[in-house]
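One-letter residues, chain by chain:
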Amino acid sequence: MALRDRLRRFAQKPGSADTGPLRRVVDAAGAREDDVRELTDAALTDAVAALRDGGLTSDADLAEFCALGREAAHRALGERPFDVQLVGVLALLSGRVAEMATGEGKTLAGALAAAGHALRGRRVHVLSVNDYLARRDAAWMAPLHALLGVTSGWVTQESTPDERRAAYGADVTYAPVSEVGFDLLRDRLATSPGAVVLPEPGVALVDEADSVLVDEAMVPLILAGAADGAAAAPSHADLARRLRPGRDYTTDEDARNVQLTSDGARAVERALGGIDLYAADNLGTLTGVNLALHAEVLLHRDVDYIVRDGEVKLISESRGRVALLQRWPDGLQAAVEAKEALEASPGGEILDLVTVQELINRYPVRCGMTGTALAVAGQLREFYELDIVVVPPNRPRVREDRPDLLYATVADKETAVVELIDEAHRANRPVLVGTLDVAASERLATRLRRAGLDPVVLNAKNDAEEASIIAGAGAPGTVTVSTQMAGRGTDIRLGGPDGSAHDAVADAGGLLVIGTGHYHSSRLDDQLRGRAGRQGDPGGSVFLASLEDDLITRYAPEESYGGTVADDGSITDKNAHWIAGHAQRVAEGVDLEIHRNTWRYNHLIGLQRGAFLKDRAKALTGSHADDLLRERAKDHHAHLVGETSAEEVAEASRQIVLYHFDRAWSDHLAYLTDLREGIHLRSLGRGLDPLVEFNREAVPAGKRLTEEARTSAVETFNSLEPGPDGLDLASAGVQRPTATWTYIVHDNPFGTLDDRAFRGLVTLLTTRRR
Ligand code: ADP
Ligand code: MG
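Conventions we followed
- Residues numbered from 1 in each chain as written.
- Chains lettered and ligands numbered in written order.
- Predicted model: local features only at pLDDT ≥ 70, side-chain atom pairs only at ≥ 80, totals over all residues.
- Heavy atoms only, no water.
- Helix = DSSP H or I, 4+ residues; strand = E, 2+ residues; numbered from the N terminus.
- Buried < 20%, exposed > 50% of the residue type's maximum accessible area, 1.4 Å probe, protein only.
- Contact = heavy atoms within 4.5 Å.
- Areas by Shrake-Rupley, 256 points an atom, 1.4 Å probe, with all protein chains shown as cover.
- Core = buried A, V, L, I, M, F, W, Y, C linked by side-chain atoms within 4.5 Å.
- Patch = residues over 30% accessible without salt bridge, like charges linked within 9 Å, V, L, I, M, F, W, Y side chains within 5 Å.
- Salt bridge = Lys/Arg side-chain N within 4 Å of Asp/Glu carboxyl O.
- Lys, Arg positive; Asp, Glu negative; His and termini not counted.
- Charge placed at Lys NZ, Arg CZ, Asp CG, Glu CD.
- Near = heavy atom within 4 Å.
- Polar contact = N/O pair within 3.5 Å; in protein donor to acceptor, adjacent residues only side chain to side chain.
- Nonpolar A, V, L, I, M, F, W, Y, C, P; charged D, E, K, R; others polar.
- Pairing = 2+ DSSP bridges.
- Axes fitted to C-alpha atoms, helices over the stretch in contact; angles between N-to-C directions.
- Phe/Tyr/Trp six-rings, centres within 6.5 Å; stacked < 30°, edge-to-face > 60°.
- Parallel < 35°, antiparallel > 145°, perpendicular 65-115°, else oblique.
- Left-handed = near helix turned anticlockwise from the far one by under 90°.
- Arc of directions from axis to C-beta.

A. A look at the overall build of the chain. Looking only at helices and strands, one finds 29 helices and 26 strands in the chain. The burial tally for the chain puts 54% of its 770 residues in the buried class. Considering only residue pairs separated by 6 or more positions, the chain has 75% of its internal contacts joining residues 24 or more positions apart. As displayed, the chain offers around 32600 Å² of accessible surface, 50% of which is attributable to carbon and sulfur atoms.

Dropping the structure here:
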């Protein structure tokens, strides 16, 4: 089928933009292919540079750019971009999200688009989901960028400030989203203009766009700090361990909450020497005991976290692998460390935070690519004003997606999974099994070994290792057990990494993907399926579910199935299948509401931060601090200038004002957190809208910030005196944190405030009749 026809078939998908105009540009680029092939490398680079002047906006220039880019990729990488990849490039250049299936070559399309955006005079950040991919893609695409005359660089966790500044100075910078966020946070606290590493935001080109922009959008990136010797709160881990379920505490049905019973409270009071646990001045103890109980009862080693190198490492549910750099909210993190008898990691206080959504929306131009965008079209529009272009695959997809297999119990399902794997394995067909979490991977691996199979188990490894393992998942007879997103971004070639056994594997049916349970959204299911049938290869996928699966018991709790069950536990009844699909739709609805609600709060905080930073910037780069203190502490200012020098006083003034701005913000964040928790509890009982109540108090508090910071600065300045080494800022109380660190707050395992609020919504949604 001609490209035009295939594009047309895809064009009218609801929620996606018409590809007609892009198609015409690609056709025009095709017509230029032979001419462009005659250019020397130098002439090619010059021809690209010549496009800068026109701003790369006219269709003619875009076509020329595509032709030159295709030729450059062919020469530099040995890969000639397919027409559909050029459609992707144009979608990205038009500031949209390109939906392109796994294995269609998004890295190359993204690299060309990045170069195009750069030619328009904007700095481009190609944002990846991890260090490994940022480095891999930058290095892989470097020869292409060089030939196009575009400079490039990359940033990883290990990059030094100088390396970061250099990398961000390039036309195109590959970086993990989180690192850019952390750099932004550190920049916002810079005490000299030279310490800033990020330039003005230009273009964000987001890889795995749905993961970043939707799934992880509300994840706050945090910069925390502590002064020396911050004391850890006493631990109640031993106490929590001695409490008995049922008698001393009870848990919710969904095991997301735990409460002391009155017996339990008495036991705690006795153990703590006869205190009154609910007395106002024992609030800290009560909180501590609660956290210890949460850590003991609700968080499970090897499911929610693992212990490695003496540290608690969180396991991210969605990626099913160790979430580097992540920690729980402080108290909980400490409680888990105490439970595992580990040394407490530093707590400190939150200096600043930013959500991924805010971070991305700072860029005036946004675009992205992913295999699964259409399902979140509404959200991309709502939260980022992004439209989607659905790009068809280069070769038609022939993957065979079998309908779900449904079982009554988890045990029946697991038996069926092993049988399916065994069957495929005997045919020498490679199998990739996706599990819901690390514990499920381990359980399955054990069963497979017992059945005489030798699975490769992939979890909790680092990204590079994961990538190399997953790259081999297409080799004949390989059984790879992996949590959903492990090794993402890595190509699975049929017949192994070198493709040598391609034909044998293709004859066996290609890669078989088996999902051992549905994820929170059908989009995540699709990501797993997408691992098979890449680039028109044969392949298949099937999901197995059971009525005992978490997703169903949690999101369709009121549904029960009383119909027929076969001897092997399988269920073919339409109603039962409906229940499974329904649970997933409810979960999707809940996730969206949580996103919306969290965003409403964060949006206000973001606006306040923005306004406050504008005032701070005047002190950082201008003479605002000196002017302020000269005006408000006239005599002392004159006195200090007399004792030292005008320059020294100006610099000290700047440090004092910046210090109080940063102090005020950190305090404000803590205040907002408490405010929100308190208002949430108060509003629930009284039918008030918590957001309205929150705004009523948070807005005026935000408005007062600048003035409060200035007043404190004046006070500090008045106590400033010259010491033996010049003006003594430390004695005046200007002490910045001696250590700062960054992390990502992991989803609160018991549900965030919103999550808890929206659990009510589950009931609401589930009562809607079919
Ligand atoms: P995606 O990110 O879309 O899943 P990748 O960018 O990882 O895909 O590319 C998948 C594979 O396809 C890689 O091995 C890459 O080298 C290859 N590839 C990409 N574009 C082309 C092309 N035009 N011709 C040949 N191979 C290509
Ligand atoms: Mg990719």
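B. Focus on the nonpolar core. Core analysis: the biggest nonpolar cluster contains 56 residues, and Leu144 and Leu205 have the highest contact counts within it. Residues in contact with Leu205, not counting those within four places in the same chain, are Leu92, Gly110, Ala113, Ala114, Val124, His125, Val126, Leu127, Cys367 and Met369. Counting residues in each nonpolar core, the second largest holds 45 residues, with Leu133, Leu198, Ala204 and Trp599 among its members.

C. How the structure looks around a negative patch on the surface. On the surface, a cluster of negative charge is contributed by Glu419, Glu423, Asp567 and Asp568. Its place among the elements puts Glu423 in helix H18 (residues 410-426).

D. Expanded view of the site of ligand 1. Neighbouring ligand 1 are 17 residues; Glu79, Arg80, Gly103, Lys106 and Thr107 lie closest to it. One nitrogen or oxygen atom from the main chain of Arg80 is found 2.8 Å from a nitrogen atom belonging to ligand 1. At 2.5 Å, a side-chain N or O of Thr107 approaches an oxygen atom of ligand 1. Within the complex, 83% of the 570 Å² of free accessible area of ligand 1 lies under protein. Class assignment for the residues of the shell around ligand 1 results in 5 nonpolar, 6 polar and 6 charged.

E. Up close: the environment of Asp627. Secondary-structure assignment places Asp627 in helix H25 (residues 624-632). Assessed through its relative accessible area of 34%, Asp627 is described here as partly exposed.

F. Structural context of the sheet that holds strand S4 (residues 172-176). Pairing is parallel in the open sheet, where 7 strands are placed in the order S3-S4-S2-S5-S14-S1-S15. Two strands in the sheet have a free side with no partner beyond their single neighbour: strand S3 (152-154) and strand S15 (388-390). The sheet shows a mean angle of 20 degrees between the axes of neighbouring strands, taken without regard to direction. As paired strands, strand S2 (residues 124-128) and strand S5 (residues 203-207) are joined by 4 bridges and run parallel to one another. When the sheet's bridge partners are listed, His125 is paired in S5 with Ala204. Contacts between helix H8 (residues 131-147) and the sheet are confined to S2, S3, S4 and S5, with S4 contributing the most and set at about 160 degrees to the helix. Across the sheet, helix H10 (residues 177-188) lies against S2 and S4, angled at about 100 degrees from S4, the strand it touches most.

G. Local environment of the packing of aromatic side chains. All told, the structure shown has 3 aromatic pairs when counted by the stated rule. When the centroid spacing of 4.7 Å and the interplanar angle of 25 degrees are considered together, the rings of Phe612 and Phe661 count as stacked. Within this pair, whereas Phe612 is found in helix H24 (residues 574-621), its partner Phe661 is found in helix H27 (residues 646-686), the two being separated by 49 residues in sequence. A relative accessible area of 4% places Phe612 in the buried class. Since its relative accessible area comes to 0%, Phe661 is described here as buried. Among the aromatic residues, those joined into a ring-pair cluster are Phe612, Phe661 and Trp665.

H. Local environment of the packing of H18 against helix H19 (residues 438-450). The interhelical angle for the contact between H18 and H19, taken along N-to-C directions, is 55 degrees, at an axis separation of 10 Å. In terms of their interaxial angle, H18 and H19 are classed as oblique. Helix-helix and strand crossings are classified by hand; for H18 and H19 the assignment is right-handed. The residues of H19 that touch H18, namely those facing Ala411, Glu414, Thr415, Val417, Val418 and Ile421, are Arg443, Leu444, Arg447 and Leu448. Its residues placed into classes, the contact of H18 with H19 shows 6 nonpolar, 1 polar and 3 charged.

I. The arrangement of helix H17 (residues 377-384) in detail. Within the sequence span of H17, burial applies to Ala377, Gln379, Leu380, Phe383 and Tyr384. Projection of H17 onto a plane perpendicular to its axis shows the buried side chains occupying an angular sector of 165 degrees, all on one side. The inward-facing, buried residues of H17 contact strand S1 (97-99), helix H11 (209-215), helix H16 (356-361), strand S14 (365-370), S15 and H24. Of the residues one or two after H17, Glu385 is the one with positive phi, at around 55 degrees.

J. Helix H9 (residues 161-169), seen in detail. By the burial criterion, the buried members of H9 are Arg164, Ala167 and Tyr168. Each buried residue of H9 sits inside an arc of 95 degrees when the element is viewed along its axis, so together they form one side. For H9, exposure combined with an orientation more than 90 degrees from the buried face picks out Asp162 and Ala166.

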